[in-house]
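# Structural features, examined
Spelled out from the first residue to the last, the chains are:
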Amino acid sequence: MFIDSHAHIDGQEFDADREAVIERAHGAGVSVILNVGTGDPHSDAFERAIALGQQHENIYTAIGTHPHDARLYDDRAEEKIRELIQNERVIAWGEIGLDFHYDNSPRDVQVDVFKRQLRAARECELPVVIHTREAEAETIEILKSEPESRGIFHCFSGNMDLAEKALELGFMISFSGIVTFKKAEELREVAKRVPLDRLLIETDCPYLSPIPYRGKRNEPAFVVEVARCLAGIHDLSIDEVAQQTSDNFSRFFRL
Ligand SMILES: [Zn+2]
Ligand SMILES: [Zn+2]
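First, a word on scope: everything that follows refers to the structure included in this document. Computed from a predicted model, the values in this text were never measured in an experiment. Sequence order as written defines the numbering, with residues in each chain counted from 1. Labels are handed out in written order, letters beginning with A for the chains and numbers beginning with 1 for the ligands. Selection of residues for local features in this predicted model requires a pLDDT of at least 70, selection of side-chain atom pairs for listing and counting requires 80 or more, and totals for whole chains, interfaces and linings are taken over all residues. Heavy atoms throughout the structure, all of them, feed into the side-chain values; hydrogens and water do not.

All right, on to the coordination of the zinc ion (ligand 1) then. As a rule, N, O and S atoms within 2.8 Å of a metal are its donors, except that Na, K and Ca use 3.2 Å; water is not among the atoms, so sites may look incomplete. Donor atoms from the polypeptide that coordinate the zinc ion (ligand 1) comprise Glu 95 (OE), His 131 (ND1) and His 154 (NE2), at 1.9 to 2.1 Å from the metal. One chain supplies every donor for the zinc ion (ligand 1), spaced along it as E-x35-H-x22-H. Separation of the zinc ion (ligand 1) from the zinc ion (ligand 2) amounts to 3.4 Å, with Glu 95 serving as a shared donor to the pair. Of this pair, His 131 sits in strand β5 (residues 128–133) while His 154 sits in the loop between β6 (151–153) and α6 (160–168); the two residues are 23 residues apart in sequence, bridging distant segments of the chain. The pair His 131 / His 154 is uniform in exposure class, with both members buried. Numbering of helices and strands starts at the N terminus; helices are DSSP runs of H or I of at least 4 residues and strands are runs of E of at least 2. Think of it in three bands: with a 1.4 Å probe and only protein chains considered, a residue is buried below 20% of the maximum accessible area for its type, exposed above 50%, and partly exposed in between.

The subject of this paragraph is the nonpolar core. Residues Ile 9, Trp 93, Phe 153, Phe 156 and Phe 175 are the most contacted members of the largest nonpolar core, which totals 69 residues. The element that contributes the greatest number of residues to this core is helix α8 (residues 223–234), accounting for eight residues. Excluding its chain neighbours within four sequence positions, the residues that come into contact with Phe 153 are Ile 130, Thr 132, Thr 139, Ile 140, Leu 143, Leu 162, Ala 166, Phe 171, Met 172, Ile 173 and Ser 174. Residues grouped as a nonpolar core are buried Ala, Val, Leu, Ile, Met, Phe, Trp, Tyr and Cys residues, joined through side-chain atoms within 4.5 Å. Every residue pair with non-hydrogen atoms within 4.5 Å of one another is taken to be in contact.

Let us look at the packing of aromatic side chains. Stacked, tilted and edge-to-face are the three classes applied to pairs of Phe, Tyr and Trp rings, where Trp contributes its six-membered ring and a pair requires centres within 6.5 Å; stacked means planes under 30 degrees apart, edge-to-face means over 60, and tilted covers the rest. Under the defined criterion, the tally for this structure stands at six aromatic pairs. Of the aromatic side chains, those joined through ring pairs into one cluster are Phe 153, Phe 156, Phe 171 and Phe 175. It is Arg 89 that lies over the ring of Tyr 60; its NZ or CZ is 4.8 Å from the centre. Across from the ring centre of Phe 252, 4.2 Å away, lies the NZ or CZ of Arg 150, which sits over that ring. Geometrically, a lysine NZ or arginine CZ counts as sitting over a ring once it is within 6 Å of the ring centre and also within 35 degrees of the ring normal.

Whenever a carboxyl oxygen of Asp or Glu lies within 4 Å of a side-chain nitrogen of Lys or Arg, that contact is scored as a salt bridge. A full pass over the atoms with the stated rule returns 17 salt bridges. For Arg 82, the salt bridge identified is with Glu 78, shortest N-O distance 3.2 Å. Taken as a pair, Arg 82 and Glu 78 lie in helix α3 (residues 75–84) at a separation of four residues, close to a single helical turn. Take Arg 82: its relative accessible area is 25%, and that puts it in the partly exposed class. With a relative accessible area of 12%, Glu 78 lands in the buried category. The salt bridge involving Asp 103 is made with Arg 107; its shortest N-O contact spans 2.9 Å.

And the structure:
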């Protein structure tokens, strides 16, 4: 059984066939999906994500303000998230972090909002899901200044230095379809050196379809291809990778 540790299936990309997508995931052996609600914290995006999780036994939910939307985060947004995460189907605060590639929100605002959400998550005793892009040093610096945060580096695409620092801080490392890409040799080297008990797999769908589905809309069933790639890297069977990453997920979230 596989666990897709990071998916966005509440979005409009799946409005036409969401139930079929969930069915296909089950058919492929994906037993659990962590669906991550993003978007304007003042819209009904988080409520929609939570509703989906309530309709499906094997879909858990994370909600938080993505760095892209950091400029929309304020006291009212934080209050709303704190209230919504009381729902027992919500198991993580995220995704939060820094994205200096797109810079959709000013960097100083991203930094401030990242710190605020780390503190809030800690107060609520929830792990965080971290999104970091082209902001490695800043991300680590903030995590060191906010001790006792626990969480996942999702869609990991950094170098070994970042992986080592994340591991030292106690974080899990989740690989997406990027690790299957032809040009991702360096990332596969990183994946090889991540201890097996810290590995997770994800799709980050609808984006980043793994090979052989590149160019198509991604969906949770395709997480099997990420597991297949990691199995090759670690010289394990695909079933062993499925078991290990699922055990890691359950242990980490105390499910
Ligand atoms: Zn992300
Ligand atoms: Zn995401």
